[in-house]
Structure formats: C-alpha cells, structure tokens
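Descriptive analysis of the structure
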Amino acid sequence: MNNTASASQSGHQGMLFGDVLADLGPDTGYRGKVACQAVGITYRQLDYWARTGLVEPSIRSAQGSGSQRLYSFRDILVLKVVKRLLDTGVSLQQIREAIQHLKDRGVEDLATITLMSDGASVYECRSRDEMIDLIEGGQGVFGIAVGRVWREVEGSLAELPTEEAEEIPVMVDELAARRRARRYVS
C-alpha cells in the first residue's frame with residue numbers, strides 16, 4: 001500500500017494491487033465508451049449518472065457538443081460499485097448517499113471498505129466484527145468488498161486504451177460559433 005500512498009502524493013492514480021496498469025498520471029483517463037465497457041453499463045446510463053451528479057468524470061467533463069468526458073481509474077471504480085449496488089436492488093437515493101460517502105474517502109481507505117446492504121440501506125463495514133454485527137442484527141444481506149471490485153476494474157482496464165486530457169481536441173460547434181459571431185457584429 002505504500003506504493004499507492006506515494007503515487008497519490010505525486011499526483012498519479014496509483015494502483016493498489018500490483019502493477020496491472022501502468023502508473024497513470026493525473027491527466028490520463030478513459031473515455032466514456034471505455035468506462036462503459038469496463039463497468040458493464042450502457043452509455044445512456046453513464047451519461048445520466050454524469051448529468052445528475054451521481055458519478056462525474058474527475059479528469060474532464062463534457063463541455064458542449066462533440067466534447068468527450070474523461071474518467072479516472074477511481075471514477076470507474078465508483079461506477080462499478082454503483083452498478084453492483086443497483087444490481088442488488090438498492091435504491092438510487094441510497095446509492096447516492098453511499099457514493100457521496102465513498103467520494104470523501106482516501107484511496108487507501110477504499111480498499112478496506114465492505115459495503116453491506118439489506119436492499120434498503122447501505123452500511124460501511126471496516127472489520128469482520130462489524131459485518132457479523134450487521135448480519136446478526138438482520139441488517140446485512142449482501143456485501144460488496146470494494147478492494148475486490150478494485151482488482152476487477154484493474155483487470156478490465158488493463159487491455160483498454162487510456163488517453164491524455166490534452167490530446168483529445170475539443171470539438172467546436174460551428175453553427176453556435178457563427179451565431180455568437182453574428183450577435184457581436186450586429
């Protein structure tokens with residue numbers, strides 16, 4: 001884990017479980033299509049989640065027609081957790097609360113968290129005792145070990161292309177540019 005801590009301090013997106021992926025710089029990410037492929041969701045779902053603020057791309061958001069969102073490794077990890085929670089029947093409102101909680105966590109913290117749910121609420125567990133307490137109390141029905149999801153996402157992304165934020169040209173809507181130019185001339 002020391003590798004991850006030093007990578008986080010240097011501004012790189014460090015990997016927790018070995019060198020499955022190259023050490024990604026802060027401006028290196030994955031386009032929406034690649035994120036969808038790695039997570040197992042449709043582009044429509046990804047777009048909706050970004051527009052509603054559930055999981056927004058941290059490297060670059062869409063800024064008009066033709067621009068491309070760019071997601072970090074961590075963004076894709078959170079997307080995968082959202083998908084898992086949805087697949088188990090957790091409400092989008094509960095997922096929003098859980099994801100906001102995850103966003104506030106450091107990289108090292110994510111690997112130690114297990115999310116437990118009874119289908120209605122989501123609980124964070126950091127130890128086996130906490131999980132047992134939830135299950136014995138009738139609250140925990142299933143769990144998602146974020147560290148395990150992390151390894152799956154690393155494996156999925158290992159063969160997929162990354163892109164640098166500055167390499168992707170932002171497309172300009174020519175019609176909108178002409179209209180703006182006309183307004184200033186008149």
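Being a predicted model, the structure only gives us computed values, none of them experimental.

1. Re a negative patch on the surface
A cluster of acidic residues, Asp129, Glu130, Asp133 and Glu136, forms a negative patch on the protein surface. Relative to the helices and strands, Asp133 resides in helix H7 (residues 128-136).

2. Brief notes about the nonpolar core
By size, the foremost hydrophobic cluster in this structure holds 38 residues, and its most contacted members are Ile76, Leu79, Val82, Leu85, Ile99, Leu115 and Leu157. At the level of secondary structure, the elements contributing two or more residues to this core comprise helix H2 (32-39), helix H3 (43-51), helix H4 (73-87), helix H5 (92-103), strand S5 (142-145) and helix H8 (146-157). Of the residues forming this core, the biggest block, eight residues, is contributed by H4. Apart from residues no more than four positions distant in its own chain, Ile76 is found in contact with Tyr30, Ala35, Ala38, Val39, Tyr71, Val153 and Leu157.

3. Thoughts on the sheet that holds strand S4 (residues 122-125)
Spatially, S4-S3-S5 is the arrangement adopted by the three strands of the open sheet, whose pairing is antiparallel. The two strands at the open ends of the sheet, each matched to only one other strand, are S4 and S5. Looking at each pair of strands side by side, their axes are set apart by 25° on average, direction ignored. As paired strands, strand S3 (residues 114-117) and S5 are joined by four bridges and run antiparallel to one another. Looking at the pairing, Leu115 lines up with Ile144 of S5.

Calculation rules
Residues numbered from 1 in each chain as written. Predicted model: local features only at pLDDT ≥ 70, side-chain atom pairs only at ≥ 80, totals over all residues. Heavy atoms only, no water. Patch = residues over 30% accessible without salt bridge, like charges linked within 9 Å, V, L, I, M, F, W, Y side chains within 5 Å. Areas by Shrake-Rupley, 256 points an atom, 1.4 Å probe, with all protein chains shown as cover. Salt bridge = Lys/Arg side-chain N within 4 Å of Asp/Glu carboxyl O. Lys, Arg positive; Asp, Glu negative; His and termini not counted. Charge placed at Lys NZ, Arg CZ, Asp CG, Glu CD. Helix = DSSP H or I, 4+ residues; strand = E, 2+ residues; numbered from the N terminus. Core = buried A, V, L, I, M, F, W, Y, C linked by side-chain atoms within 4.5 Å. Buried < 20%, exposed > 50% of the residue type's maximum accessible area, 1.4 Å probe, protein only. Contact = heavy atoms within 4.5 Å. Pairing = 2+ DSSP bridges. Axes fitted to C-alpha atoms, helices over the stretch in contact; angles between N-to-C directions.

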